[in-house]
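Understanding the architecture of this molecule
Spelled out from the first residue to the last, the chains are:
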Amino acid sequence: QVQLVESGGGLVQAGGSLRPSCAVSGIFIRGVRMGWYRQAPGKERELVARITTVGSTQYGDSVKGRFTISRDNAKNTVYLQMNSLKPEDTALYYCNADILPKPDWGQGTQVTVSS
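This section reports on the structure supplied with the text. Not measured: the values here are computed from a predicted model. (Residues numbered from 1 in each chain as written. Predicted model: local features only at pLDDT ≥ 70, side-chain atom pairs only at ≥ 80, totals over all residues. Heavy atoms only, no water.)

Points about the state of the cysteines
Counted under the stated rule, the structure contains one disulfide. Paired by a disulfide, C22 and C95 hold their sulfur atoms 1.7 Å apart. In this pair, C22 is assigned in strand β3 (residues 21-25) and C95 in strand β9 (residues 91-97), connecting sequence segments 73 residues apart. On the basis of relative accessibility, which here comes to 0%, the residue C22 falls in the buried class. (Disulfide = S-S within 2.5 Å. Helix = DSSP H or I, 4+ residues; strand = E, 2+ residues; numbered from the N terminus. Buried < 20%, exposed > 50% of the residue type's maximum accessible area, 1.4 Å probe, protein only.)

Concerning the nonpolar core
In terms of nonpolar packing, the biggest core is built from 29 residues, with W36, L80 and Y93 touching the most fellow members. Looking at this core, the elements with two or more residues in it are β3, β4 (34-39), β5 (46-51), β7 (67-72), β8 (77-82), β9 and β10 (109-114). With four residues, β9 is the largest single contributor of residues to this core. Not counting the four nearest positions on each side in its chain, L80 is found in contact with L18, R19, P20, W36, V48, A49, F67, T68, I69 and Y93. (Core = buried A, V, L, I, M, F, W, Y, C linked by side-chain atoms within 4.5 Å. Contact = heavy atoms within 4.5 Å.)

Thoughts on the side chain of R38
Mapping R38 onto the fold places it in strand β4. Classification of R38 by relative accessible area gives buried; the value is 7%. Within the local environment of R38, its side chain forms a polar contact with the side chain of S62, the two groups lying 3.2 Å apart. Setting aside its immediate chain neighbours within four residues, R38 contacts E44, R45, E46, V48, S62, V63, F67, E88, D89, A91, L92 and Y93. (Polar contact = N/O pair within 3.5 Å; in protein donor to acceptor, adjacent residues only side chain to side chain.)

A closer look at the pattern of salt bridges
Here the structure, examined in full by the defined rule, presents seven salt bridges. Two residues, E46 and R38, come together in a salt bridge whose shortest N-O distance is 2.7 Å. On the basis of relative accessibility, which here comes to 36%, the residue E46 falls in the partly exposed class. Each of R33, R50, D98 and K102 takes part in a single network of salt bridges with overlapping partners. (Salt bridge = Lys/Arg side-chain N within 4 Å of Asp/Glu carboxyl O.)

Observations regarding the sheet that holds β5
Read from one edge of the open sheet, six strands run β2-β10-β9-β4-β5-β6, paired in mixed fashion. Edge positions in the sheet fall to β2 (10-13) and β6 (57-59), since each of these pairs with one other strand and no more. Across the sheet, the mean angle from the axis of one strand to that of its neighbour is 25 degrees, orientation sign disregarded. In the sheet, β2 pairs with β10 via four bridges, with the strands oriented parallel. For Q13, the partnering residue across the bridge sits in β10 and is S114. (Pairing = 2+ DSSP bridges. Axes fitted to C-alpha atoms, helices over the stretch in contact; angles between N-to-C directions.)

Quick look at the structure:
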């Protein structure tokens, strides 16, 4: 059974940085594409960033140039470096694996950016 545990969110002022992490168990992330997602109140969950098994990355338009996704296969953990944070980045952030069936979502980690 795949388990996803996100941590590292918090409250930060606009322009600040955070680096959430996602610890994965039940699969080896070196063999799967991983993604970070977010869901703001009243909005649908959206893909923020994705990283392939060979390290290629893809970002949503709203975070390009500010966020960086990375992976540590030895620790089976995925990270999201978030810089130049904006109030509109406020959301619950989740990670997940691009496999079928899709693993159950973790509890997420809250990121709140104050203006």
